[in-house]
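Per-entry structural report
Listed below are the residues making up each chain.
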Amino acid sequence: MSWWNDIWLSESITSFLSTQRPIVFDSNTDLTSDALVNDLWADNIPQISYTKGAAILEMLDSVIGTNRMRKVLRDYVRNYQFGIATTADFLNILKDVTKV
């Protein structure tokens, strides 16, 4: 990752890919309204960051469809497997894959 602000993406993709689908989101365990990425990221990485990020990717998958999500993840890994990436890089790939 380019900086700590983008580490959520790496951990979320790993959690998303390693979790059985569908991911069951339980509002009783995630009552936080804190942003997923903030200035205190490196100080204390809570477990909820992994599940929250994976839940976001699961929601994205349900919106754009499994085939498009697979292409987004494949392109992301292909482009950045030996380099650094940012959240903006992921969003650019998402935009490219989902444009009509």
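For the structure itself, consult the block above.
Summarised in this report is the structure supplied together with it. Everything numeric in this text was worked out from a predicted model, so none of it was measured.

Re the side chain of aspartate 89
The residue aspartate 89 is located in helix H4 (residues 87-98) in this model. The buried charged residue aspartate 89 lacks any salt bridge, with lysine 95 as its nearest oppositely charged partner at 11 Å. A polar contact is formed between the side chain of aspartate 89 and the backbone nitrogen of threonine 86, at a distance of 2.8 Å. With residues up to four places along the chain from it excluded, the contact list for aspartate 89 reads Tyr80 and Ile84.

Digging into the packing of helix H3 (residues 66-80) against H4
Axis separation between H3 and H4 bottoms out at 9 Å; the angle between their running directions is 135°. In terms of orientation, H3 and H4 fall into the oblique class. In this structure, the crossing between H3 and H4 has a hand that is right-handed. Along the contact surface, H3 presents Arg68, Lys71, Val72, Leu73, Asp75, Tyr76, Asn79 and Tyr80, while H4 presents Asp89, Phe90, Ile93, Leu94, Val97 and Thr98. Per-class residue counts for the contact of H3 with H4 are eight nonpolar, two polar and four charged.

What to know about the nonpolar core
Of all hydrophobic cores here, the largest spans 17 residues; its most connected members are Ile13, Leu57, Leu60, Met69, Val72, Tyr76 and Phe90. Secondary structure elements with two or more residues in this core: helix H1 (7-18), helix H2 (48-64), H3 and H4. Excluding its chain neighbours within four sequence positions, the residues that come into contact with isoleucine 13 are Leu57, Leu73, Tyr76 and Phe90.

Things to note about the side chain of aspartate 75
The residue aspartate 75 is located in helix H3 in this model. Taking relative accessible area as the criterion, aspartate 75 reaches 16% and is therefore assigned buried. Other than its neighbours up to four places away in sequence, aspartate 75 contacts Ile93 and Val97.

Parameters and conventions
Residues numbered from 1 in each chain as written. Predicted model: local features only at pLDDT ≥ 70, side-chain atom pairs only at ≥ 80, totals over all residues. Heavy atoms only, no water. Helix = DSSP H or I, 4+ residues; strand = E, 2+ residues; numbered from the N terminus. Buried < 20%, exposed > 50% of the residue type's maximum accessible area, 1.4 Å probe, protein only. Lys, Arg positive; Asp, Glu negative; His and termini not counted. Salt bridge = Lys/Arg side-chain N within 4 Å of Asp/Glu carboxyl O. Polar contact = N/O pair within 3.5 Å; in protein donor to acceptor, adjacent residues only side chain to side chain. Contact = heavy atoms within 4.5 Å. Axes fitted to C-alpha atoms, helices over the stretch in contact; angles between N-to-C directions. Parallel < 35°, antiparallel > 145°, perpendicular 65-115°, else oblique. Left-handed = near helix turned anticlockwise from the far one by under 90°. Nonpolar A, V, L, I, M, F, W, Y, C, P; charged D, E, K, R; others polar. Core = buried A, V, L, I, M, F, W, Y, C linked by side-chain atoms within 4.5 Å.

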